[in-house]
Amino acid sequence: MKALLLLGVSVLVLVRSSSGFEWWNVSEVEAVTDGFVGGNPLFVGLTLIRGADAKGAVCTDGSLPGYHLHRGYGSGANSWLIQLEGGGWCSDIKTCVFRKTTRRGSSYHMERMIPFTGILSNKREENPGLFFNWNRVKVRYCDGASFLGEGYNAAAGLYFRGQRIWLAVMEDLMSKGMRYANQALLSGCSAGGLASILHCDEFRALFPRRTKVKCLGDAGMFLDAVDVAGGRTLRSFFGGVVNFQGAAKNLPRTCTSRMDATSCFFPQNIVANVRTPLFSLNTAYDVWQIQESLAPRTADPRGYWRECKMNYAKCDAYQIQVLQGFRNQMLNAVKGFSTYGQNGLFINSCFAHCQSERQDTWYSSNSPLIGNKRIATAVGDWYFDRSSIKSMDCPFPCDRTCHNLIFRRRH
């Protein structure tokens, strides 16, 4: 089955090769079919939130927001896992209008059934001792500002209602039993991982004190990094997202009271003030950030970084030095955060992006390790207070357990 990931307006296809899994950019390669999902996963139907439009909680095109819910059972009947979908952002009329034609901006284009794998799997052997029998929810992402926007562009017919979507989804799930939860975990990947950090304390506030509530941000630690040309590509882009979609008013006031709104869209400026226990799952060499923030095409017009970005094995000594500097910035960004006993950390030295939703990286016979722990084991030990998890990998190329993503262009 084809696996697609939308990052901004670039679509990547995950394919299996003799060397592992590779992301191919469909603007440069032929579309291919792959058995990545595999293993006969559970497919869960889409629920649209009826009446959400009356509250102004709509996708970018004005359609209804939605989620996929699989009910828990047994010991997990009153436990809830909420996974916020990722998928880039839009920062201007052109990119936001484009999203209206995709599942990232319209529920008309969303798949009606999606597979639940990794942290969402209903199989004990794929989600051992963790969340397999919890109520598990995948919240669809269709606003383009990490569930934070508030505004409307009449000329282009663009609705920026991310915060309202967040509130409508939470209200609907509370009415379906989440209010009685004895355990809850808010998680997310990429733009959803950023959202899980930014909304973490809001999520905690939904429940009584007796409810155990924690948050997990997977690939959500986007860094305010200097690119290879000395600019700040991602800061400029995030500034566009925040300003164009009116997200500033919904950012944590613990940050906006002391910093500008764009800075408060970067998790490194947020995590120290998150009161709810938070787990940061990231790669030290996040491939999306390497591609789009550290060495984007605009900062590398002559293509010096092109081969290195597509296959880390082709990076020269200087490029490796730059990548190690990026890793150091990642570690520094979580340094203070990691000192709080309630927080957890798993930073491996892989070239990847999002590891909780993929079965091969979450929990499998050869999934990534730090020490002797897989990601699923580390998250479980942290959530259930079995042990303190502050795992930081050694620098590339020491980790031989990585599932590195490699890009190939069509010849």
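Let me begin by describing the structure that accompanies this report. Here the structure is a predicted model, which is why all the values come from computation and not from measurement. (Residues numbered from 1 in each chain as written. Predicted model: local features only at pLDDT ≥ 70, side-chain atom pairs only at ≥ 80, totals over all residues. Heavy atoms only, no water.)

Structural notes on the state of the cysteines
Scanning the entire structure with this criterion turns up eight disulfides. Residue pairing for cysteine 90: its cysteine sulfur links by disulfide to cysteine 96, the two sulfurs lying 2.1 Å apart. Every disulfide takes its handedness from the sign of the S-S torsion; for cysteine 90 and cysteine 96 that torsion is 95°, giving right-handed. Accessibility expressed as a relative area gives 0% for cysteine 90, which makes it buried. When its relative accessible area of 0% is taken as the criterion, cysteine 96 is described as buried. Shown here is the disulfide that connects cysteine 189 with cysteine 354, its sulfur atoms set 1.7 Å apart. With the S-S bond torsion at 90°, the cross-link from cysteine 189 to cysteine 354 turns out right-handed. Note that cysteine 189 is positioned in strand S11 (residues 183-189) and cysteine 354 in the loop between strand S14 (344-348) and helix H11 (359-362), a separation of 165 residues in sequence. Taken as a pair, cysteine 189 and cysteine 354 share a single burial class, namely buried. (Disulfide = S-S within 2.5 Å. Buried < 20%, exposed > 50% of the residue type's maximum accessible area, 1.4 Å probe, protein only. Helix = DSSP H or I, 4+ residues; strand = E, 2+ residues; numbered from the N terminus.)

Considering the packing of aromatic side chains
This model, assessed by the stated rule, comprises 28 aromatic pairs. With centroids separated by 5.4 Å and ring planes inclined at 35°, the aromatic side chains of tyrosine 141 and phenylalanine 147 adopt a geometry described as tilted. For the pair formed by tyrosine 141 and phenylalanine 147, the shared burial category is buried. With 5.2 Å between their ring centres and 75° between their planes, phenylalanine 203 and phenylalanine 207 make a pair best called edge-to-face. Looking at lysine 212, its charged tip hangs above the ring of tyrosine 383, at a distance of 5.5 Å from the centre. (Phe/Tyr/Trp six-rings, centres within 6.5 Å; stacked < 30°, edge-to-face > 60°. Lys NZ or Arg CZ within 6 Å of the ring centre and 35° of its normal.)

Overview of the nonpolar core
Ranked by internal contacts, the top residues of the largest apolar core, which has 84 residues, are Ile82, Trp89, Leu173, Met178, Phe203, Phe265 and Leu323. At seven residues, the largest contribution of residues to this core is made by helix H2 (residues 162-175). Dropping the residues within four chain positions of it, phenylalanine 203 is found in contact with Ile82, Trp166, Met170, Met178, Ala184, Leu185, Leu186 and Val213. Grouped together as the second largest cluster of nonpolar side chains are 23 residues, Phe116, Leu185, Leu216 and Leu281 included. (Core = buried A, V, L, I, M, F, W, Y, C linked by side-chain atoms within 4.5 Å. Contact = heavy atoms within 4.5 Å.)

Looking at helix H7 (residues 287-294)
Extensive coverage of H7 is indicated by the burial of seven of its eight residues. Listed as buried for H7 are Val287, Trp288, Gln289, Ile290, Gln291, Ser293 and Leu294. A distance of 3.0 Å separates the backbone nitrogen of tryptophan 288 from a side-chain oxygen at the start of H7, and that oxygen is part of aspartate 286. (Polar contact = N/O pair within 3.5 Å; in protein donor to acceptor, adjacent residues only side chain to side chain.)

Notes on the side chain of serine 364
In this structure, serine 364 sits in the loop between H11 and strand S15 (369-370). At 3.0 Å, the side chain of serine 364 and the backbone oxygen of aspartate 360 are in polar contact. Here serine 364 is in contact with Gln359 and Arg374, once residues within four sequence places are set aside.

Here we look at the side chain of arginine 140
As for its placement among the helices and strands, arginine 140 is situated in the loop between strand S8 (135-139) and strand S9 (151-153). For arginine 140, a relative accessible area of 1% puts it in the buried group. Excluding anything up to four places from it in sequence, arginine 140 contacts Leu46, Gly66, Tyr67, His68, Glu85, Arg103, Met110, Glu111, Ile114 and Phe147.

Take it as geometry only, folks, not as evidence of what the structure does.
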